[in-house]
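Here is how the chains run, residue by residue.
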Amino acid sequence: MLIRLVYASRSQNQSAQDLPAILEWSRRANSELEVTGVLCYLDGVYMQYLEGEESAVDALFKRIHADSRHQGVALLERRAISRRVFPEWSMALLDWNDNTRAIFRSFSPEARLDLYAVDPSTAAPMLRALVRAPGWTLI
Ligand code: FAD
């Protein structure tokens, strides 16, 4: 069974310094696990969308949860899906610009640019909308 899982967490050191190593590892490991998805980082907060076979995603999330590079891991969504939204991406990092910040604000009634404060019910649709927006840099 395919599932998607979305969580938010706080970077341990409140900076993006761990991102290169996390992405390098993830792209290789996720290809082997056939897990795809996207990672957002904004102001010390991570939000990640993972999709793949249930056993692979759950095992990966267990490892991610235990990673000391972040804390306060909050599961926002875990549900069955019929197909992948990001079949090509072993892990894409989403960059921020005026356009994508505006999309984020449109999903956040309080217009706060705080990934950690995103309502669980809007997390997955918001990420899909963000990824479809033109002008993104997929690093
Ligand atoms: P481990 O032995 O725990 O780690 C393997 C390697 O990861 C180490 O050699 C080291 O280079 C690095 N590492 C692990 N923990 C630390 C640390 N605290 N400080 C510095 N380096 C460290 N992994 C994926 O495979 N796919 C993902 O999509 C993914 N997304 C992540 C998102 C976030 C926000 C974070 C914080 C981590 C993510 N990781 C991801 C990494 C994941 O947490 C595990 O480190 C990884 O899955 C390897 O786990 P392991 O138990 O097999 O090996």
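Model, not experiment: these values are computed from the prediction.

Analysis parameters
Residues numbered from 1 in each chain as written. Predicted model: local features only at pLDDT ≥ 70, side-chain atom pairs only at ≥ 80, totals over all residues. Heavy atoms only, no water. Core = buried A, V, L, I, M, F, W, Y, C linked by side-chain atoms within 4.5 Å. Buried < 20%, exposed > 50% of the residue type's maximum accessible area, 1.4 Å probe, protein only. Helix = DSSP H or I, 4+ residues; strand = E, 2+ residues; numbered from the N terminus. Contact = heavy atoms within 4.5 Å. Phe/Tyr/Trp six-rings, centres within 6.5 Å; stacked < 30°, edge-to-face > 60°. Lys NZ or Arg CZ within 6 Å of the ring centre and 35° of its normal. Arc of directions from axis to C-beta. Polar contact = N/O pair within 3.5 Å; in protein donor to acceptor, adjacent residues only side chain to side chain. Near = heavy atom within 4 Å. Areas by Shrake-Rupley, 256 points an atom, 1.4 Å probe, with all protein chains shown as cover. Nonpolar A, V, L, I, M, F, W, Y, C, P; charged D, E, K, R; others polar. Axes fitted to C-alpha atoms, helices over the stretch in contact; angles between N-to-C directions. Parallel < 35°, antiparallel > 145°, perpendicular 65-115°, else oblique. Left-handed = near helix turned anticlockwise from the far one by under 90°.

Draft legend 1. View of the nonpolar core. Counting residues in each nonpolar core, the largest one holds 25 residues, and the members touching the most others are V6, M47 and L115. Elements represented by at least two residues in this core include exactly β1 (2-11), β2 (36-42), β3 (45-53), β5 (92-94), α3 (98-106) and α4 (120-132). If we ignore the near neighbours within four places in the chain, the residues touching V6 are M47, Q48, Y49, A74, L75, L76, E77, A123, A124 and L127. Judged by nonpolar contacts, the second largest core, of 19 residues, contains Y46, L60, V73 and L93.

Draft legend 2. Focus on the packing of aromatic side chains. Scanning the model with the defined rule gives five aromatic pairs in all. Residues Y7 and F61 carry aromatic rings whose centres are separated by 5.5 Å and whose planes lie at 40° to one another, so their mutual orientation is tilted. With Y7 in strand β1 and F61 in helix α2 (residues 54-65), this residue pair connects regions lying 54 residues apart in the sequence. By the burial criterion, Y7 is buried, and F61 matches it. With centroids separated by 5.5 Å and ring planes inclined at 10°, the aromatic side chains of F86 and W89 adopt a geometry described as stacked. Among the aromatic residues, those joined into a cluster by ring pairs are Y49, F86 and W89. The lysine or arginine in question, R10, covers the ring of Y116, its NZ or CZ lying 4.0 Å from the ring centre. Across from the ring centre of W25, 5.2 Å away, lies the NZ or CZ of R28, which sits over that ring.

Draft legend 3. Molecular detail of α3. Looking only at α3, the buried set comprises T100, I103 and F104. The arc that holds the buried residues of α3, viewed along the axis, is 100°, so those residues lie on one side. Residues of α3 that are exposed and point more than 90 degrees away from the buried face comprise D98 and S106. Where α3 is buried, its residues meet β2 and α4. The opening residue of α3 is N97, an N-cap whose side-chain oxygen sits 3.0 Å from the backbone nitrogen of N99.

Draft legend 4. Geometry of the site of the ligand. In the vicinity of the ligand lie 17 residues, with S26, N30, Q48, D67 and S68 positioned nearest. W25 has a polar side-chain atom sitting 3.4 Å from an oxygen atom of the ligand. Contact between the ligand and Q48: an oxygen atom at 2.9 Å from a side-chain N or O atom of the residue. Within the complex, 65% of the 920 Å² of free accessible area of the ligand lies under protein. Listing elements by their share of the shell around the ligand, those giving two or more residues are α1 (19-33), β3 and α2. By residue number, the principal contributor to the shell around the ligand is α1, which donates five residues. For the shell around the ligand, the residue count by class is nine nonpolar, five polar and three charged.

Draft legend 5. Representation of the packing of α3 against α4. Where α3 contacts α4, the two axes come as close as 10 Å, and the packing angle between them is 160°. Here α3 is positioned roughly antiparallel relative to α4, judged by the angle of their axes. You can see that α3 and α4 cross each other, and the crossing is right-handed. Across the interface between the two elements, T100, I103 and F104 from α3 touch M126, A129 and L130 from α4.

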